[in-house]
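Residue-level structural notes
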Amino acid sequence: RFGLLDTGIVAVSAPDLFAPAPAQALRAFSRRLEKSEQCRDVIGLVTVPVITNADDTTELTALFDTPNPRAQALADPILVHGLVDPEGRSTLLFCPLKEDWPSFVGWFQSDKRLEDKALELTLTGPLGVSYLFARDLMLTGAFILLVALPLMLVLAVFEKRYGRQFGVWGALAFIPFVAVLG
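Residues numbered from 1 in each chain as written. Predicted model: local features only at pLDDT ≥ 70, side-chain atom pairs only at ≥ 80, totals over all residues. Heavy atoms only, no water.

**Topic: the nonpolar core**
The biggest cluster of nonpolar side chains holds 35 residues, and the ones touching the most others in it are Val10, Leu33 and Phe104. Every element with two or more residues in this core is listed here: β1 (7-13), α1 (20-35), β4 (90-96), α3 (101-114) and β5 (120-124). (Core = buried A, V, L, I, M, F, W, Y, C linked by side-chain atoms within 4.5 Å. Buried < 20%, exposed > 50% of the residue type's maximum accessible area, 1.4 Å probe, protein only. Helix = DSSP H or I, 4+ residues; strand = E, 2+ residues; numbered from the N terminus.)

**Considerations on the state of the cysteines**
Enumeration over the complete set of coordinates arrives at one disulfide. Across the disulfide from Cys39 sits Cys95; the S-S distance is 1.7 Å. Between Cys39 and Cys95 the disulfide shows an S-S torsion of about -120°. By sign, it is left-handed. In this pair, Cys39 sits in the loop between α1 and β2 (49-54) while Cys95 sits in strand β4, placing the two residues 56 residues apart along the sequence. Here Cys39 falls in the buried class, since its relative accessible area comes to 1%. (Disulfide = S-S within 2.5 Å.)

**Comments concerning the sheet that holds β5**
In spatial order, the strands read β4-β1-β5; together these three strands make up an open sheet with antiparallel pairing. Each edge of the open sheet carries a strand with a single partner, namely β4 and β5. Each strand of the sheet is rotated relative to its neighbour by a mean of 25°, with strand direction disregarded. When β1 meets β5, the two strands line up antiparallel, connected through five bridges. Note on β5: the bridge partner recorded for Val10 is Leu123. Contacting β1, β4 and β5, α1 crosses the sheet at an angle of about 10° to β4. (Pairing = 2+ DSSP bridges. Axes fitted to C-alpha atoms, helices over the stretch in contact; angles between N-to-C directions. Contact = heavy atoms within 4.5 Å.)

**Some remarks on the pattern of salt bridges**
One pass over the full model with this rule turns up three salt bridges. Arg70 serves as the salt-bridge partner of Asp16, at 2.8 Å between the closest nitrogen and oxygen. Taken together, the residues Asp16 in the loop between β1 and α1 and Arg70 in helix α2 (residues 69-75) connect sequence positions 54 residues apart. The residue Glu87 makes a salt bridge to Arg89 at a minimum N-O spacing of 3.6 Å. Of the residues examined, Glu87 reaches a relative accessible area of 39% and is grouped as partly exposed. Its relative accessible area of 42% is what places Arg89 among the partly exposed residues. (Salt bridge = Lys/Arg side-chain N within 4 Å of Asp/Glu carboxyl O.)

**Side note on the packing of aromatic side chains**
Counting across every chain of the model gives four aromatic pairs. When the ring of Phe29 is compared with that of Phe108, the centres are 6.4 Å apart and the planes differ by 80°; the resulting orientation is edge-to-face. You can see Phe29 sitting in helix α1 and its partner Phe108 sitting in helix α3, a full 79 residues away along the chain. Each member of the pair Phe29 and Phe108 is classed as buried. Both rings, one in Phe104 and one in Trp107, keep their centres 6.2 Å apart while their planes meet at 20°; by these two values the pair is stacked. You can see Phe104 and its partner Trp107 sitting in helix α3, three residues apart, about one turn around the helix. Each of the two residues, Phe104 as well as Trp107, counts as buried. Following the ring pairs from residue to residue traces out a cluster consisting of Phe29, Phe104, Trp107 and Phe108. (Phe/Tyr/Trp six-rings, centres within 6.5 Å; stacked < 30°, edge-to-face > 60°.)

**Concerning the side chain of Thr91**
With respect to the helices and strands, the residue Thr91 is situated in strand β4. You can call Thr91 buried: its relative accessible area is 3%. Looking at Thr91, its side chain comes within polar contact range of the main-chain oxygen of Leu83, at 2.5 Å. Beyond its immediate stretch of four places on either side in the chain, Thr91 contacts Val10, Ala11, Val12, Leu17, Leu26, Leu45, Leu83 and Val84. (Polar contact = N/O pair within 3.5 Å; in protein donor to acceptor, adjacent residues only side chain to side chain.)

Everything listed here is a matter of geometry and, on its own, says nothing about what the molecule does.
Okay, structure coming up:
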């Protein structure tokens, strides 16, 4: 959990991450992420080394370069539930940021358009959640300003002009406000 407040986290999912097309797309996205100006490094399934010891030698091989990466990943108790789900359908990519979060989001959204449909990519983590929450608050505020407040003002003008109580209608105008807040 150290440093998550300056780390971009991308959730990646596919019906099977280890199938040829999603695996290739995951490698390509990880490389683009690593080469981008926003990330210092990428930590994810693509960068996980598999360690083999034989005849007094130790060999490091990238997980996706092994003969059966699916079996290798799902057999490792540290990777399962830590970096990949037990079914092999989703994983996380951690990217310590060089720049600020908005520039990473801009890069992610422009790069996501380039991505083929083999993977589903979602920003997540503390920064991703706060970004989405702020975006939702902005949309809520715009909705209130554009719909609920003008409706209340129109009802107030009619109430003043005709001398009738439009309290019921004013209360009804308050419903979109309450619904959006909920």
